[in-house]
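Examining the three-dimensional arrangement
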Amino acid sequence: MNELAIKDLLYKLADDQLILGHRNSEWTGFGPILEEDIAFSSMAQDKIGHSLAFYTLLQDLGETDPDTVAFTRNANQFHNSQLVELPNGEYDFSLIRHFLYDNAEIIRFEMLSQSSYEPIAKVTTKLKGEVKYHVLHANTWIKNLGSSTEEAILRLQSSLTEAIPYALGMFETSKFEQELIESGVYAGEEAVKAEWLERIQAVIEKTDLKLPDLNTTEPKFGGRNGEHTEHLQPLLDEMAEVFKIDPTAEW
Amino acid sequence: MYGGGNVFEATKFDNLQTEDPAKLAEFEARIARGEKIEPKDWMPELYRKQLIRMIEQHAHSEIIGALPEGTWITRAPGFRRKMAQMAKVQDEVGHAQLLYSAAETLGKTREQMLTDLINGKSKYSNVFNYPAFTWADSNIISWLIDAGAIVNQMANAKGSYGPYSRALERICAEEAFHLKYGHDAVVHMATGSSKQREMIQAALNRWWPPIMTFFGPSDKMSTHTETLMRWKVKMASNDECRQQFLDMYVPKIWELGLTVPDPKLKKNMETGQWEYTEPDWDEFKRVINGDGPCNAERLAVRRTAEERGAWVRRALLNPKAKYVKPLA
Amino acid sequence: MSLKSLDPRVTRLNLPEGEAPAIEPKQELDQFETYEAFHQKKDGAAHTYVGPVHAPNEDVAFLFAKEQYSRRFTCVGLWIVRTEHIQVTPYVGDQENVYDMMRVEEPTERSEEVEAYEIFHLKKRGKAHAHVGRVMATSYQEALQEARKQFGEKGPIVNVWVMKSKHVLQSAEEDKDMWTTIPEKKYREAIAYKVMDKITKYKEEHKTTAS
């Protein structure tokens, strides 16, 4: 099996979760109600934990250790989709991103738990249950808020419209796509996207929200190849601020 | 996390003459037997008022206490620290949730408590009005402030009010993680590079004075205080807590070769008591009354969080819902 | 000027500098109504009371309770009940049995058919209510009498909670996997932090240089 292809897959999985976990952690202490603050923090912790699990698989393939990989690379070395690096904005944007992202994530995990590459299959099988809660959380909120007050619907709709091009960017294919599909490692971005669309539509139909026309939406690609918005580098700098005081030290 | 520093002032409810003597006797007998009081029981107004005040202040301290350490969530170095820091701050928010619920069983709603917090009407632990300048400050808070909180909370967990005890039991279990995590981080810094050592000593120097005020000034004993002790509302004196804290943690600081910035600090082997420079209680009073380095920011952040979340709460508010106090 | 904080997250909030003006008192229900949560530690164990959450409905209450009350230690299930839907008996002393001491009132409402009710007992003040079983009845009062017959013999029982089964939101069997990884999240546990070796090593080194 092509190790480069597997590494490429692992990097995008890990980087997405590291960055989104980091973004979601920014809400701790600022949530709309105490209970939601707690729930959101748990999911942020899970995401960081998932990224660690994938960086550990990368280390097993000869990459450097997770802390160095996560805390010392520059933006152009990151493979996350641009969706996850955007600033949190208000809670409507964070919820919409969470909804769009986790509904894709669960499909990736379900597919990867059948992967022919056993280490990935093992990790995703184990962690699937956590993502299941993330999806339940996202869908419950979107169903509730998406059919509530005009104010809430407007907010969510505007965030949905803003986020959709970036969400499509999650499904940017890699040069190893065909290889991964043929070797049974991963079903590929097109398959994930098709399933994702059905699932998010099923939720959106239960609300007063409208999914923008995806045929006329230009996806924001580039993230998988290290092209990022201006928001990623400051985030990485902040993340590494203490670590970089002395990268050789044990913190 | 929470210190003492409760000022148990006499109130208009101090006069127990207005309470039904038979009910009061039954209430006191129950506590004397070591039974807990539960929300549906009859209780004297003084008991109810003091508990609401104490639990509410404790809850506010948790939610405000999430802020100085929250400062370092996005910058915590490495996976291990980052995840633990997130979990720790999350726990503090969780503790606030548990404590507000316990206070609600006594009849004050969470809405009223949050309003009073934001409007500066009710207090929270004074230490959280000080800033966490560096990662090392956050480590000192995790270790020593939580250590202080455990001393206080372990005592209060044995108090007479059921919902508060239940909440504290769980809180103490979680604080045990905070304490170990904080200690672990401090030990890494103290035994690490010279830069790390310098950072942790500087943070200890900054935090020592607030830590010494954490348990509040010496109690003035009065019939009021005696009543609250008999009712197992107040479980240990502020000085007892401070002595216990010094006994447990000063040796652990010293064994790391760190210096406690108080030349007078030593244990008097004859009395078994720690001697120390008397904390600056004037500053304590000034800060608790609003004039500390971070008071305005702490409340502004809380206020903003409430405001920015208001649309979410408005959207899901069910006007037909009926608020019922939590049961236990 | 907006407030510049040591916390980059706070700086990004663009708060105005200086004292914040007072807020209007929060409206009633701003924090929603309350729901009570019961967790099940392992298969076959009784569901036990863990505490309340504030939430706008039971689905959201479930999301909230899951993280507030079952993010640590093993858990295989969670029940959620709106506080309003729970009937509570008086509390008696730790040595007493509430079933022997209370007057059962005439039901104010009866259902035509019998319905299922869940019964929870408190064995000792300060502890948590635990599920003892289910009874069939046409009213809360009848359910309480049934509960006495079936579970009320072995005292002391300090307090009883009664609720209709249909009011209990129960987590599904297939959702158990949401809790499976919790025992592995060691970073949240005291046990994961062991520094004695580092301290001992430091003390050893320090001793050598000092002498």
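Everything below is about the structure printed above this text.
Residues numbered from 1 in each chain as written. Chains lettered and ligands numbered in written order. Predicted model: local features only at pLDDT ≥ 70, side-chain atom pairs only at ≥ 80, totals over all residues.

**Let's talk about the overall build of chain C**
- Helix and strand counts for chain C come out as five helices and eight strands.
- Helices (α) and strands (β) of chain C occur, in sequence order from the N terminus, as α-β-β-α-β-β-α-β-β-α-β-β-α.
- For chain C, whose C-alpha radius of gyration is 25 Å, the value lies well above the compact-globule estimate of 17 Å for 211 residues.
- Summarising its shape, the C-alpha atoms of chain C cover approximately 80 × 55 × 40 Å along the three principal directions.
- Residues classed as buried in chain C amount to 39% of the 211 residues present. (Helix = DSSP H or I, 4+ residues; strand = E, 2+ residues; numbered from the N terminus. Rg over C-alpha atoms; globule rule 2.2 N^0.38 Å. Buried ≥ 20, exposed ≤ 12 C-beta atoms within 10 Å, placed from the backbone.)

**Some points on the interface of chain B and chain C**
- Contacts between chain B and chain C engage 57 residues on the former and 52 residues on the latter.
- If one sorts the elements of the side of chain B that touches chain C by residue count, helix α6 (residues 162-190) of chain B sits on top with 10 residues.
- By residue class, the composition of the side of chain B that touches chain C is 26 nonpolar, 15 polar and 16 charged. (Contact = placed C-beta atoms within 7 Å. Nonpolar A, V, L, I, M, F, W, Y, C, P; charged D, E, K, R; others polar.)

**Re the packing of helix α5 (residues 135-157) of chain B against α6 of chain B**
Residues and elements named next belong to chain B.
- Remark: α5 packs on α6, axes separated minimally by 8 Å, with the N-to-C direction vectors making an angle of 150°. As judged from the angle between their axes, α5 and α6 are roughly antiparallel. By crossing handedness, the relation of α5 to α6 is classed as left-handed.
- Grouping the amino acids of the contact of α5 with α6 by side-chain chemistry returns 16 nonpolar, eight polar and three charged. (Axes fitted to C-alpha atoms, helices over the stretch in contact; angles between N-to-C directions. Parallel < 35°, antiparallel > 145°, perpendicular 65-115°, else oblique. Left-handed = near helix turned anticlockwise from the far one by under 90°.)

**Examining helix α9 (residues 189-204) of chain A**
Residue and element names in this part refer to chain A.
- Over its 16 residues, α9 extends 22 Å from the first C-alpha to the last, a length consistent with the 22 Å expected when each residue adds 1.5 Å.
- What α9 keeps buried is the set E189, W196 and I200. Relative to the axis of α9, the buried residues are bounded by an arc of 25° and lie together on one face. Exposed positions of α9 whose direction lies more than 90 degrees from the buried face are E190, A194, E198, Q201 and A202.
- Buried positions along α9 lie against α5 (91-112) and α8 (177-182). (Expected span 1.5 Å × (residues − 1). Arc of directions from axis to C-beta.)

**Considering helix α4 (residues 140-151) of chain C**
- With 12 residues, α4 of chain C extends 15 Å between its outermost C-alpha atoms, agreeing within 8% with the 16 Å of an ideal straight helix rising 1.5 Å per residue.
- Buried positions along α4 of chain C lie against α3 (98-101), β5 (115-122), β6 (130-137) and β7 (159-164) of chain C.

**Focus on the interface of chain A and chain B**
- Residue-level contacts link 43 residues of chain A with 36 residues of chain B.
- Elements represented by at least two residues in the side of chain A that touches chain B include exactly α1 (3-25), α2 (34-60), α3 (66-72), α6 (118-145), α7 (150-169) and α10 (232-240) of chain A.
- Considering every element that reaches the side of chain A that touches chain B, the biggest residue donor is α2 of chain A, with 11 residues.
- For the side of chain A that touches chain B, the per-class residue count stands at 20 nonpolar, 12 polar and 11 charged.

**Notes on the pairing of strand β2 (residues 48-55) of chain C**
Residues and elements named next belong to chain C.
- In terms of burial, β2 is a largely internal element, seven of the eight residues being buried.
- Inspection of the sheet shows strand β1 (residues 33-40) paired to β2 by seven bridges, in the antiparallel sense. The partner of E33 across the bridge, within β2, is A55. (Pairing = 2+ DSSP bridges.)

**Quick notes on unusual backbone geometry**
Residues and elements named next belong to chain C.
- Residue P156 is bonded to the preceding G155 through a cis peptide linkage, with omega at -10°.
- With respect to the element layout, P156 can be found in the loop between α4 and β7.
- Unlike most non-glycine residues, N14 shows phi in positive territory, near 50°.
- Locating N14 in the fold gives a position in the loop between α1 (8-11) and β1.
- On the basis of neighbour counts, which here come to 9 C-beta atoms within 10 Å, the residue N14 falls in the exposed class.
- The phi dihedral of L29 is positive, around 70°, even though this residue is not glycine.
- With respect to the secondary-structure elements, L29 resides in the loop between α1 and β1.

**Notes on the pairing of β1 of chain C**
All names here are of chain C.
- For β1, the tally of buried residues reaches eight of eight residues, placing the bulk of the element in the interior.
- Going residue by residue along β1, you find E33, Y35, A37 and H39 tucked away on one face and T34, E36, F38 and Q40 tucked away on the opposite face as well.
- Here β1 runs beside strand β3 (residues 77-82); their pairing, made up of six bridges, is antiparallel. In the sheet register, Y35 faces β3, and the bridge partner there is R82.

**A word on the environment of I63 of chain B**
Residues and elements named next belong to chain B.
- Turning to its location among the elements, I63 is positioned in helix α2 (residues 45-70).
- I63 sits in the buried class, given 26 other C-beta atoms within 10 Å.
- Taking the C-alpha atoms as reference points, I63 and K325, 262 residues apart in sequence, are found 21 Å from one another.
- Filtering out sequence-adjacent residues up to four positions away, I63 remains in contact with V93 and A96.

**With respect to the environment of V127 of chain B**
- For V127 of chain B, the position within the fold is in the loop between α4 (110-118) and α5.
- Put simply, V127 of chain B and I145 of chain B are 18 residues apart on the chain and 8.4 Å apart in space, counted from C-alpha to C-alpha.

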